[in-house]
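Descriptive structure summary
Residues per chain are reported as follows:
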Amino acid sequence: MDRPNTDSKIKMARIKAGLSQAEMSRQFKIPVRTLQDWEAGKRSTPEWAEILIIEKLEKIAETS
């Protein structure tokens, strides 16, 4: 089931952390294509993964 605004939440957190998709891909070991699909709304992010990813990106943003 799709969750509204999931993809934009990850994208907003990534941008706030100052990471490009390529940088996030390397740090999180997530394929760039997967990130692109999440941000474009082509694929849904698993809820558990979304929570962990956003928490980690928020920590990165705090230390930047």
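It should be noted that the structure appears before, not after, this text.
Being a predicted model, the structure only gives us computed values, none of them experimental.

A short note on the packing of helix α2 (residues 21-28) against helix α4 (residues 47-63)
Look at α2 against α4: their axes get within 13 Å of each other, and the N-to-C directions meet at 110 degrees. Between α2 and α4, the crossing angle belongs to the class labelled roughly perpendicular. Relative to α4, α2 is oriented so that their crossing is right-handed. The segment α2 lies against α4, with Met24, Gln27 and Phe28 engaging Ile53, Lys56, Leu57 and Ile60. Along the lines of polarity and charge, the residues of the contact of α2 with α4 split into 5 nonpolar, 1 polar and 1 charged.

Re the environment of Lys29
Summarising the element assignment, Lys29 is placed in the loop between α2 and α3 (32-40). Of the polar contacts made by the side chain of Lys29, one reaches the backbone oxygen of Arg26; its length is 3.4 Å.

Description of the nonpolar core
Core analysis: the largest hydrophobic core is formed by 14 residues, its most contacted members being Leu19, Met24, Phe28, Ile53 and Leu57. It is α4 that contributes the most residues to this core, 5 residues altogether. Aside from chain neighbours lying at most four places away, what touches Ile53 is Ile10, Met24, Phe28, Ile30 and Trp38.

Rules used throughout
- Residues numbered from 1 in each chain as written.
- Predicted model: local features only at pLDDT ≥ 70, side-chain atom pairs only at ≥ 80, totals over all residues.
- Heavy atoms only, no water.
- Axes fitted to C-alpha atoms, helices over the stretch in contact; angles between N-to-C directions.
- Helix = DSSP H or I, 4+ residues; strand = E, 2+ residues; numbered from the N terminus.
- Parallel < 35°, antiparallel > 145°, perpendicular 65-115°, else oblique.
- Left-handed = near helix turned anticlockwise from the far one by under 90°.
- Contact = heavy atoms within 4.5 Å.
- Nonpolar A, V, L, I, M, F, W, Y, C, P; charged D, E, K, R; others polar.
- Polar contact = N/O pair within 3.5 Å; in protein donor to acceptor, adjacent residues only side chain to side chain.
- Core = buried A, V, L, I, M, F, W, Y, C linked by side-chain atoms within 4.5 Å.
- Buried < 20%, exposed > 50% of the residue type's maximum accessible area, 1.4 Å probe, protein only.

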